[in-house]
Amino acid sequence: MDYTRVDTKKLTIAVNKAIELVKKADEAVDEVLELLTPAERAGLPKPHEGFAAAARLVADSTDLDGLKDVAEYDGEAVHEDLANVEVVDKLTPALAKLTQRVADSRLLWLAEAYSMNAELYRLAKARAKTNAVIAKAIEPLAAHFAVVRLKKNEPK
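The structure displayed is predicted, hence computed values, not measured ones.

A. Region of interest: the nonpolar core. In this structure, Tyr121, Ala124, Ala128, Ile138, Leu141 and Phe145 together form the largest nonpolar core, which totals six residues. Mapped onto this core, the elements with two or more residues apiece are helix 6 (91-128) and helix 7 (132-145). Each residue touching Tyr121, except ones within four places of it in the same chain, is listed here: Ile138, Leu141, Ala142, Phe145 and Ala146.

Given below as structure tokens:
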């Protein structure tokens, strides 16, 4: 594995700047975007793919004018909702890339630390049998790397 090295102070500065920018972005949309509770999210219908196009056609239709009044249907409100969806959808790629970048970096650094510790543990465990200092030093890693071997007739 090729190990990456990123200075933690430099990373901290960059992350703190990103946090401030994300806070500003959240403040920018605070008055116009909703934040639902988990219960509210769970209670909302989840339209199928292609719904927006179908809803636009119906909102534009003049053939349902009498029925729209009975159903308290507001085609203008439907158009506004769908236009708003298009606008906020523009945020998705940028947010997805940032989220993926954070997740990938976290995964990479944990994997690097894990790999180095696995190798250290592999080499140190033999010495730990005769060296109490080494045994004590690698003790926190045992839960992550120790292999429990079952005897032949021992149940799993």
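Resuming the write-up.
B. Just the environment of Val102, in detail. Mapped onto the elements of the fold, Val102 is located in helix 6. Since its relative accessible area comes to 51%, Val102 is described here as exposed. Through-space distance from the C-alpha of Val102 to that of Val15 is 9.9 Å; in sequence the pair is 87 residues apart.

C. Representation of unusual backbone geometry in the model. Even without being glycine, Glu72 reaches a positive phi, approximately 50 degrees. Structurally, Glu72 is set in the loop between helix 4 (65-70) and helix 5 (75-89). On the accessibility criterion, Glu72 (74% relative accessible area) is exposed.

D. Main features of the packing of helix 5 against helix 6. Running from amino to carboxyl end, helix 5 crosses helix 6 at an angle of 35 degrees, the nearest separation of the two axes being 5 Å. Mapping the contact onto sequence places Val87, Val88 and Asp89 in helix 5 and Leu91, Thr92 and Pro93 in helix 6. Residue classes in the contact of helix 5 with helix 6 are distributed as four nonpolar, one polar and one charged.

E. Structural detail: the packing of helix 3 (residues 51-60) against helix 5. Orientation of helix 3 relative to helix 5, taken along the N-to-C sense of each, is 150 degrees, at an axis distance of 9 Å. The angle between the axes of helix 3 and helix 5 places the two elements in the roughly antiparallel class. Crossing hand, helix 3 versus helix 5: left-handed. Residues Phe51, Ala52, Ala55, Arg56, Ala59 and Asp60 of helix 3 lie in contact with helix 5, whose contacting residues are Gly75, Val78, His79, Leu82, Ala83 and Glu86. Across the contact of helix 3 with helix 5, the residue classes break down as seven nonpolar, two polar and three charged.

F. Examining the packing of aromatic side chains more closely. Here the structure, examined in full by the defined rule, presents two aromatic pairs. With 5.8 Å between their ring centres and 35 degrees between their planes, Tyr121 and Phe145 make a pair best called tilted. Residue Tyr121 is found in helix 6, and its partner Phe145 is found in helix 7; the two are separated by 24 residues along the sequence. The buried category is assigned to Tyr121, whose relative accessible area is 10%. Exposure remark for Phe145: the relative accessible area of 14% places this residue in the buried category. One aromatic cluster is present, formed by Tyr114, Tyr121 and Phe145 through successive ring pairs.

Reading guide: rules and limits
- Residues numbered from 1 in each chain as written.
- Predicted model: local features only at pLDDT ≥ 70, side-chain atom pairs only at ≥ 80, totals over all residues.
- Heavy atoms only, no water.
- Core = buried A, V, L, I, M, F, W, Y, C linked by side-chain atoms within 4.5 Å.
- Buried < 20%, exposed > 50% of the residue type's maximum accessible area, 1.4 Å probe, protein only.
- Helix = DSSP H or I, 4+ residues; strand = E, 2+ residues; numbered from the N terminus.
- Contact = heavy atoms within 4.5 Å.
- Axes fitted to C-alpha atoms, helices over the stretch in contact; angles between N-to-C directions.
- Nonpolar A, V, L, I, M, F, W, Y, C, P; charged D, E, K, R; others polar.
- Parallel < 35°, antiparallel > 145°, perpendicular 65-115°, else oblique.
- Left-handed = near helix turned anticlockwise from the far one by under 90°.
- Phe/Tyr/Trp six-rings, centres within 6.5 Å; stacked < 30°, edge-to-face > 60°.

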